[in-house]
Amino acid sequence: MTSWWDRTDPTDRPELTNRMPAGLIESWWNVIVGAALMIGFAIIVLSGGFDAARIAFALFGLAITVALELVFLRKLVQRIAGRRALRVKRDDD
């Protein structure tokens with residue numbers, strides 16, 4: 001069984017091994033919502049002022065949301081590559 005990060009084996013059961021959504025639409029949704037959270041979190045935190053604690057909290061939240069966004073983007077690219085591979089295989093048959 002492969003890891004959840006590089007899961008390309010179609011025999012894996014995604015409901016047991018993969019914590020990310022299975023479809024392409026759901027992966028796009030995660031990317032869009034992740035980008036909105038990345039921008040919105042800093043705006044909400046910094047709307048109360050620019051003291052050192054708020055800036056540190058906004059930077060910490062930004063680091064977390066950027067990490068999540070990178071995971072979401074990687075999964076989206078994997079979904080797109082998987083669909084293209086299936087399309088090429090189907091065209092070869």
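Please refer to the structure placed before this passage.
Parameters and conventions
- For every chain, the first residue of the written sequence is number 1, and numbering continues from 1 along that sequence.
- Only residues with pLDDT of 70 or above have their local features reported here, since the model is predicted, and side-chain atom pairs are shown and tallied only from 80 upward, although totals for entire chains, interfaces and linings are computed over all residues.
- Side-chain numbers here rest on the full set of heavy atoms in the structure, without hydrogens or water.
- We count a salt bridge whenever a side-chain nitrogen from Lys or Arg sits within 4 Å of a carboxyl oxygen from Asp or Glu.
- Under the scheme applied here, a residue whose accessible area is under 20% of the maximum for its type counts as buried, over 50% as exposed, and between as partly exposed, the area being computed with a 1.4 Å probe on protein chains only.
- Two aromatic rings from Phe, Tyr or Trp, using only the six-membered ring of Trp, form a pair when their centres are within 6.5 Å; if the ring planes differ by under 30 degrees the pair is stacked, by over 60 it is edge-to-face, and anything between is tilted.
- Secondary structure elements are taken from DSSP: a helix is a run of H or I of four residues or more, a strand is a run of E of two residues or more, and numbering for both begins at the N terminus.
- We call two residues contacting when some pair of their heavy atoms lies within 4.5 Å.
- Axis lines are fitted to C-alpha atoms, over the contacting stretch for helices. Their N-to-C directions set the angle, which ranges from 0 to 180 degrees.
- Angular relationships are summarised with four words: roughly parallel below 35 degrees, roughly antiparallel beyond 145, roughly perpendicular across 65 to 115, and oblique for the angles in between.

A.B. asks: Please provide a residue-by-residue account of the pattern of salt bridges, values included.
C.D. replies: For the structure on display, the rule yields one salt bridge. A salt bridge links Arg54 to Asp51, with the nearest nitrogen and oxygen atoms 3.8 Å apart. Residue classification places Arg54 among the partly exposed positions, given a relative accessible area of 33%. Take Asp51: its relative accessible area is 42%, and that puts it in the partly exposed class.

A.B. asks: Quick rundown of the packing of aromatic side chains? Include the residues and the values.
C.D. replies: Overall, the coordinates contain one aromatic pair when judged by the stated rule. An angle of 55° between the planes, with centres 5.4 Å apart, marks the rings of Phe41 and Phe57 as tilted. One end of the pair, Phe41, is in helix H2 (residues 24-46); the other, Phe57, is in helix H3 (residues 52-92), and 16 residues separate them in sequence. Given a relative accessible area of 26%, Phe41 falls into the partly exposed group.

A.B. asks: An account of the environment of Phe57 is needed here, citing residue identities and associated values.
C.D. replies: Among the residues examined, Phe57 registers a relative accessible area of 46% and is labelled partly exposed. For the pair Phe57 and Phe41, spaced 16 residues apart in the sequence, the C-alpha separation amounts to 9.8 Å. Look past the residues within four positions of Phe57 in its chain and what remains in contact with it is Phe41 and Val45.

A.B. asks: Let's hear about the packing of H2 against H3: which residues, and what values?
C.D. replies: At a minimum axis distance of 9 Å, the contact between H2 and H3 shows a crossing angle of 170°. The orientation of H2 with respect to H3, classified from their angle, is roughly antiparallel.

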